[in-house]
Amino acid sequence: GSGETLLLSEGDIVDPGSESGEKDEDPLAELDNLYRMEKVKAQLEKMKRTWEVSKRDGDETPRLGHFVFTGSPGTGKTTVARVIAKVLFGLGLLPSKKIVETSALDLTGEYLGQTKEKVNETLKDAKGGVLFIDEAYNLGYGHYGKEACDTLVAGMTSEEFKDVLIVIAGYPAEIHDMLKTNSGLKSRFTNFFEFPDWRPGDCKAFFQMCAEKDKFVVDDGVLDAIGVGCGGLIGMDGWGNGRDVKKLFENSKSNRAARVYNSSGIGKVLILEDVKLAVSEMTKARRPRNDGIRRRAHPQNQNFPEPQFSFSHHPRAETSTKQEERSQEEPSTNSDQSAKGPDANDDDNSNNGVKQAADERDEGVDDAIWEELQAAKKAEHEREMERKRRLEEEQRRIQEEELARQRHEAEMKRIQQVKKEEERQRRLREAEAAEKARLAKLEKERKRREEARRREEERIRKEEAIKKRLRQIGNCPAGYVWYQCGGGWRCSAGGHFVSDAELRAKFTFDLD
């Protein structure tokens, strides 16, 4: 309304193929810093090429569908979701490369109707990009989880949110069970990616890469300590794969900083003690094996050794101190307990095989709360057993699918071999037929030439016979050669001529 003219400079115009004028880069290159991503990267590359070729050929763009990522924390699921957003944006299949990250718990409300509002608000935030839902298996539990699933299905089929690509992530068995609870939701997820857990060798390589990136040198034995330490941590609750390896690296740097603080001229070197302390602290936080605490089943890494590091502090140390204090305050109770022996309360405090020490119960906890706690422990144990059963079923399913895949590949290989043999026989027959035709053509040509040669010889023979007769007539005393011309024969000097009629009259042979 002020009448001012708005001028645009060249720098204000952004290439539609990139945001903020960024250079075109291969988004898949981000996966090079992650490990065990070969299959994931191959799937993405195949999908990317399919989309690119379809776009180049002017064909209808293949249906994108939505994505399911299954795997443990720290295996690169969020990174791959960002990569997919960049790939689809670069191909013009998404308006932007933004990604909205949330979790199933963030989408569920606390009262009726709130869940639907949360889901719709999140879908609006993700318009034109990717919505990444971590721990999505929690959507399979309870009334609010069902409401969230129904709202997601409605959003997927809505014209308003057709430009939103949804990626759900979580453990394989739980995600599978969640999708089974809503057939409409399951049918709309068509792209499945599996993210395997890291192995100790991957942890060592990633730790080395982090050190090189920050220009640190690792001392002898450091990487072996990382491999052994991660081998033990892998089977414990809370293992975060690459996330935990990064944390070990950062904690090792902190330990080094404390070690060299009062020194000068110290190079950027991580020594074995820096790493041992970091591994010990993380192991202590997760608790070592065989202490009665349940852990996440990890069939791929069950044979890895426990980290053999001495702890400067152990969780049981405080318990022992408390026991000594209580033994001084309550001598009669502890003496009675000692008389019963160390296993006297096993039956009273056992929780399906998980023992609870009698003195772990804090003072002042009444019986009702304690019974409720024991029931919760039992319920948790049962849930863990159920998760373990599901995991075993998933492993069996994966093995069966792998066997089926191998049988299919073997059958396809056999069919290909049969086809190759049939093709070889066909080409052999064609070659034989072509050779036969070539030889027949050569034989025909040979006979033609033979016939022409015979006729030429016959013509020459007749001509010589005529010349011989002409010489016998004696009309050319000079002995010149005779030539056929003018209805007869004339000598080469031209002065003597014998007609064909004269020759026929004197000699009985055909002149033709």
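Residues numbered from 1 in each chain as written. Predicted model: local features only at pLDDT ≥ 70, side-chain atom pairs only at ≥ 80, totals over all residues. Heavy atoms only, no water.

Chemist: Hey, could you run me through the overall build of the chain in this one?
Modeler: A tally of regular secondary structure across the chain gives 16 helices and 10 strands. Looking at the chain residue by residue over its 512 residues, the buried ones come to 33%. Considering only contacts in the chain between residues 6 or more positions apart, those separated by 24 or more positions represent 70%. Working note: accessible area of the chain is about 32200 Å², and carbon and sulfur atoms make up 50% of it. (Helix = DSSP H or I, 4+ residues; strand = E, 2+ residues; numbered from the N terminus. Buried < 20%, exposed > 50% of the residue type's maximum accessible area, 1.4 Å probe, protein only. Contact = heavy atoms within 4.5 Å. Areas by Shrake-Rupley, 256 points an atom, 1.4 Å probe, with all protein chains shown as cover.)

Chemist: Please clarify how the sheet that holds strand E2 (residues 99–103) should be interpreted in this entry.
Modeler: Through backbone hydrogen bonds, the strands of a sheet pair up, either in parallel or in antiparallel fashion. Strand order in the open sheet made by the 5 strands is E2-E3-E4-E1-E5, with parallel pairing throughout. Whereas interior strands pair on both sides, the edge strands pair on one side only; in this sheet they are E2 and strand E5 (189–195). Ignoring which end each strand starts from, the neighbouring axes of this sheet average 20° apart. Packed onto the sheet, helix H1 (residues 38–57) meets strand E1 (66–71) and E5 and runs at close to 145° relative to E5. (Pairing = 2+ DSSP bridges. Axes fitted to C-alpha atoms, helices over the stretch in contact; angles between N-to-C directions.)

Chemist: Which parts of the structure should I look at to understand the pattern of salt bridges?
Modeler: Pairing between side chains of opposite charge can happen when their charged atoms approach one another. Across all of its chains, the model carries 40 salt bridges by this definition. With its nearest N and O atoms 2.2 Å apart, the salt bridge here joins Glu386 to Arg389. You can see Glu386 and its partner Arg389 sitting in helix H15 (residues 367–473), 3 residues apart, about one turn around the helix. A relative accessible area of 29% means that Glu386 is categorised as partly exposed. A residue is classified by how much of its surface remains accessible, and Arg389, at 33% relative accessible area, is partly exposed. Here Glu423 makes a salt bridge to Arg427, at a shortest N to O gap of 2.9 Å. In this pair, Glu423 and Arg427 both sit in helix H15, 4 residues apart, roughly one turn of the helix. Ionic contacts of the salt-bridge type, sharing partners, join the residues Asp177, Lys180, Glu386, Arg389, Arg390 and Glu393 into one network. (Salt bridge = Lys/Arg side-chain N within 4 Å of Asp/Glu carboxyl O.)

Chemist: Explain helix H4 (residues 114–125) to me, please; I cannot follow it from the model alone.
Modeler: Side chains three or four residues apart in an α-helix point the same way, a direct result of the helix having 3.6 residues per turn. The first and last C-alpha atoms of H4 sit 17 Å apart over 12 residues, in line with the 16 Å expected at 1.5 Å per residue. Of all the positions in H4, only Gln114, Thr115, Val119, Thr122 and Leu123 are classed as buried. Packing partners of the buried residues in H4 comprise E2, helix H3 (104–107), strand E3 (130–134), helix H5 (142–156) and strand E4 (165–170). (Expected span 1.5 Å × (residues − 1).)

Chemist: I would appreciate a short explanation of H1 in the present structure.
Modeler: End to end, H1 covers 28 Å across 20 residues, agreeing with the expected 28 Å (1.5 Å per residue, within 8%). Buried residues of H1: Val40, Leu44, Met47, Lys48, Trp51 and Ser54, and no others. Seen end-on, H1 carries its buried residues on one side only, within an arc spanning 130°. Those residues of H1 that are exposed and aimed more than 90 degrees away from the buried face are Glu38, Lys39, Lys46, Arg49 and Arg56. Those residues of H1 hidden inside the fold are in contact with E1, helix H2 (77–90) and E5. Directly after H1, the chain includes Gly58, whose backbone phi takes a positive value near 75°. (Arc of directions from axis to C-beta.)

Chemist: Please explain the state of the cysteines as it appears in this structure.
Modeler: A covalent bond between the sulfur atoms of two cysteines is what we call a disulfide. According to the stated counting rule, one finds 0 disulfides in the structure shown. With no disulfide of its own, Cys230 has Cys203 as its nearest cysteine by sulfur position, at a separation of 3.9 Å. (Disulfide = S-S within 2.5 Å.)

Chemist: What am I meant to see in the confidence of the model for the chain here?
Modeler: Per-residue pLDDT for the chain averages 78, and the proportion of residues at 70 or more is 78%. Note that residues 1–23 has pLDDT below 50 and, in this model, 14 contacts with residues that lie over four places away or in other chains. For the stretch residues 288–359, pLDDT sits under 50, and the model shows 104 contacts to residues farther than four places along the chain or on other chains. (pLDDT = per-residue confidence, 0-100.)

Chemist: Would you explain the sheet that holds strand E9 (residues 488–491) in this entry?
Modeler: An order of E8-E9-E10 is seen for the 3 strands of this open sheet, with the pairing classed as antiparallel. Strand pairing shows two members of the sheet lacking a second neighbour, strand E8 (482–485) and strand E10 (497–499), which therefore form its edges. The sheet shows a mean angle of 25° between the axes of neighbouring strands, taken without regard to direction. Relative to E9, E8 runs antiparallel, the two being bridged by 4 bridges. Across the sheet, the residue bridging to Cys485 is Gly488, located in E9.

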